[in-house]
Amino acid sequence: MKDIVIAVIILAVLAVAIAYIVKAKKSGVKCIGCPMSKECNKCNCGCTENEYK
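Everything numeric in this text was worked out from a predicted model, so none of it was measured. (Residues numbered from 1 in each chain as written. Predicted model: local features only at pLDDT ≥ 70, side-chain atom pairs only at ≥ 80, totals over all residues. Heavy atoms only, no water.)

This brings us to the overall build of the protein. Secondary structure summary: the protein contains one helix and zero strands in total. Classification of the 53 residues of the protein by burial places 13% in the buried group. Total accessible area computed for the protein in this model is approximately 4,600 Å², and 66% of it derives from carbon and sulfur atoms. (Helix = DSSP H or I, 4+ residues; strand = E, 2+ residues; numbered from the N terminus. Buried < 20%, exposed > 50% of the residue type's maximum accessible area, 1.4 Å probe, protein only. Areas by Shrake-Rupley, 256 points an atom, 1.4 Å probe, with all protein chains shown as cover.)

The next subject is a nonpolar patch on the surface. Side chains of Met1, Ile4, Val5, Val8, Ile9 and Val13 sit close together on the surface and give an oily, nonpolar patch of about 630 Å² of accessible area. If you trace the backbone, Ile9 turns up in helix α1 (residues 2-26). (Patch = residues over 30% accessible without salt bridge, like charges linked within 9 Å, V, L, I, M, F, W, Y side chains within 5 Å. Salt bridge = Lys/Arg side-chain N within 4 Å of Asp/Glu carboxyl O.)

Further remarks concern α1. The terminal C-alpha atoms of α1 lie 36 Å apart, and with 25 residues this matches the ideal 36 Å at 1.5 Å per residue to within 8%. Two residues or fewer after α1 comes Gly28, characterised by a positive phi angle close to 95 degrees. (Expected span 1.5 Å × (residues − 1).)

Next up, the structure:
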């Protein structure tokens, strides 16, 4: 029973993470981890525009 509960928790965490990434990409975020990614063309997080198109 413990294994089933742990598996459900892991799947729930993965589902939430995937939903967050899909929602961010649909809203036009180029670099998901950068808080300024919607406001500037090139953020300071180390990513480039070509990597995330």
